[in-house]
Structure formats: C-alpha cells, structure tokens
Amino acid sequence: MADATPNLTLPFILPSQSQKHVTHNEALLTLDALVHLTVTAKRSEPPASPQNGTAYLVGPQPSGSWAGKQYQVAAWQDGSWTFLQPREGWRAWFVDELALKVFSDGEWRSIVPGAPVFESVGIASTADGTNRLALSSPASLFNHAGAGHQLKINKQD
C-alpha cells in the first residue's frame, strides 16, 4: 500500500502511526490550497508578507525559500510555504490575468482564448480554402455590416 493518494498525493494515515492528526491536517491544508485553486501571480521570489491562503506560480529562476521550486504552486499556509507540483488537468484562476487556465502538456493554458481567430468554420458542413465559412442549414441570418457582402448559395438536395 502506498503512503499517499495517487492524484493529489495526500498523505494516508498509516497503521501504528503516532500523531495521526498531523497527517490528517497536512492533507486538509493541501486540499484547501487545491480546491478552487487561485493563483495570485507568477513570481520568482516570495512576497515579504504573504497572506494566509494565498498561492503563487513560481517563476523560472526562483530565489530565497523558493529556490529549486520553479513552475510549482507555492501556497502560504499555517506560517510556511507548501509547494505543489501541477499535474495534468489542474485548473486555476489566475487573479493578475483574470484568466481561467488548465495545466496541460507541462504548461498553464488559457481555457478561453482572449480574441479567437478562426481560419475556417464549418457548421454542419466542411469548410475549405475557398469557402472558409460553410453552413448547412434550413435558414440563416446575416446582418449587414460594411459596404458589401458576397454570398454563394447552393440550393441542392
């Protein structure tokens, strides 16, 4: 039997273990940091006076008590730093960027892009290089904007 859970590496209380409350409290603190994870900012050095419960994404060249913890989540809890290695699928709200991100392929990626640009769109159809917007529908609505609008309509069964 392992001594921690597989996904969040929360410590198990083991048989014949003394001070079981310490292990239990450690697991609660980890859950408190990860459930609804909120990252205040990305930094390379710890703040001088962190608030209890705040978390930061450690930058690429960390210093001080964060040395060697690059790209981990540093959570200030109970008077000390806890470092959590992000895992595939973790989600976090990044306060300074006003962005919801997911950890995927070793990096934090925005879930919703700020200004999406699509080269082509197919709606119940397949778009191509000529027809970058392809639509198969019994009815459509296009509002006029600008000096003109070109439409190709193919009325086939």
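In case you missed it, the structure is sitting above this.
Everything numeric here is computed off the predicted structure, so don't read it as measured data.

1. Here we look at the side chain of K101
Then, number 1: Assignment of secondary structure puts K101 in strand 7 (residues 99-104).
Then, number 2: The buried category is assigned to K101, whose relative accessible area is 10%.
Then, number 3: Here the side chain of K101 touches E97 through a polar contact of 2.7 Å, side chain to side chain.
Then, number 4: Sequence-distant contacts of K101, that is, excluding residues within four places in its chain, are made with W90, R91, A92, F94, W108, R109, S110 and I111.

2. Re unusual backbone geometry
Then, number 1: Look at D78: it is not a glycine, yet its phi comes out positive at around 55°.
Then, number 2: Assignment of secondary structure puts D78 in the loop between strand 4 (73-77) and strand 5 (80-84).
Then, number 3: A relative accessible area of 63% places D78 in the exposed class.
Then, number 4: Positive phi outside glycine occurs at D105, with the angle close to 55°.

3. Here we look at the nonpolar core
Then, number 1: Core analysis: the largest hydrophobic core is formed by 14 residues, its most contacted members being L37, W90 and W108.
Then, number 2: Excluding its chain neighbours within four sequence positions, the residues that come into contact with L37 are A55, V73, W90, R91, A92, W93 and W108.
Then, number 3: One finds A41, Y56, A74 and W81 within the second-largest nonpolar core, a separate group that totals 7 residues.

4. Observations regarding the pairing of strand 6 (residues 91-94)
Then, number 1: Of the two faces of strand 6, only the one carrying A92 and F94 is buried; R91 and W93 on the other face are not.
Then, number 2: For strand 6 and strand 7, the ladder comprises 4 bridges, and the chain directions are antiparallel. Bridging across to strand 7, A92 finds its partner in K101.
Then, number 3: Count of turn residues in the strand 6/strand 7 antiparallel hairpin: 4 residues, of which L98 carries a positive phi of about 50°.

5. Here's the deal with a nonpolar patch on the surface
Then, number 1: Nonpolar side chains collect at one region of the surface, where F118, V121, I123, L133, L135, F142, L151 and I153 lie side by side and expose about 810 Å² of accessible area between them.
Then, number 2: Among the elements of the structure, strand 9 (121-123) and strand 10 (133-135) are those that each provide at least two residues to the nonpolar patch.
Then, number 3: With respect to the helices, strands and loops of the structure, L135 is situated in strand 10.
Then, number 4: Exposure remark for L135: the relative accessible area of 37% places this residue in the partly exposed category.

6. Digging into the sheet that holds strand 2 (residues 42-43)
Then, number 1: Overall, mixed pairing links the 4 strands, which are arranged 2-3-4-5 in an open sheet. With one partner strand each, in any of the chains shown, strand 2 and strand 5 form the two edges of the open sheet.
Then, number 2: As paired strands, strand 4 and strand 5 are joined by 5 bridges and run antiparallel to one another. Note on strand 5: the bridge partner recorded for V73 is L84.

7. Considering the sheet that holds strand 1 (residues 38-39)
Note: strands within a sheet are paired through backbone hydrogen bonds, in either parallel or antiparallel orientation.
Then, number 1: In space, the 4 strands of this open sheet follow the order 1-6-7-8, with mixed pairing throughout. Edge strands, defined here as strands with exactly one partner in the open sheet, are strand 1 and strand 8 (107-110).

8. Here we look at the layout of surface pockets
Then, number 1: Taken as a whole, the largest pocket encloses approximately 920 Å³ of empty space.
Then, number 2: Put simply, the second largest pocket is a space of about 200 Å³.
Then, number 3: Forming the boundary of the second largest pocket are 10 residues, of which L34, H36, G89, W90 and R91 lie nearest the centre.
Then, number 4: In terms of residues, the lining of the second largest pocket owes the most to one element, strand 6, which gives 3 residues.
Then, number 5: Considering only residue class, the lining of the second largest pocket consists of 7 nonpolar, 2 polar and 1 charged.

What counts as what
Residues numbered from 1 in each chain as written. Predicted model: local features only at pLDDT ≥ 70, side-chain atom pairs only at ≥ 80, totals over all residues. Heavy atoms only, no water. Helix = DSSP H or I, 4+ residues; strand = E, 2+ residues; numbered from the N terminus. Buried < 20%, exposed > 50% of the residue type's maximum accessible area, 1.4 Å probe, protein only. Polar contact = N/O pair within 3.5 Å; in protein donor to acceptor, adjacent residues only side chain to side chain. Contact = heavy atoms within 4.5 Å. Core = buried A, V, L, I, M, F, W, Y, C linked by side-chain atoms within 4.5 Å. Pairing = 2+ DSSP bridges. Patch = residues over 30% accessible without salt bridge, like charges linked within 9 Å, V, L, I, M, F, W, Y side chains within 5 Å. Areas by Shrake-Rupley, 256 points an atom, 1.4 Å probe, with all protein chains shown as cover. Salt bridge = Lys/Arg side-chain N within 4 Å of Asp/Glu carboxyl O. 1 Å grid on protein atoms, 1.4 Å probe; cavity = no way out; pocket = protein on both sides within 12 Å on 5 of 7 lines; lining within 4 Å. Points joined across faces, edges and corners; volume = space filled by probe spheres on them. Nonpolar A, V, L, I, M, F, W, Y, C, P; charged D, E, K, R; others polar.

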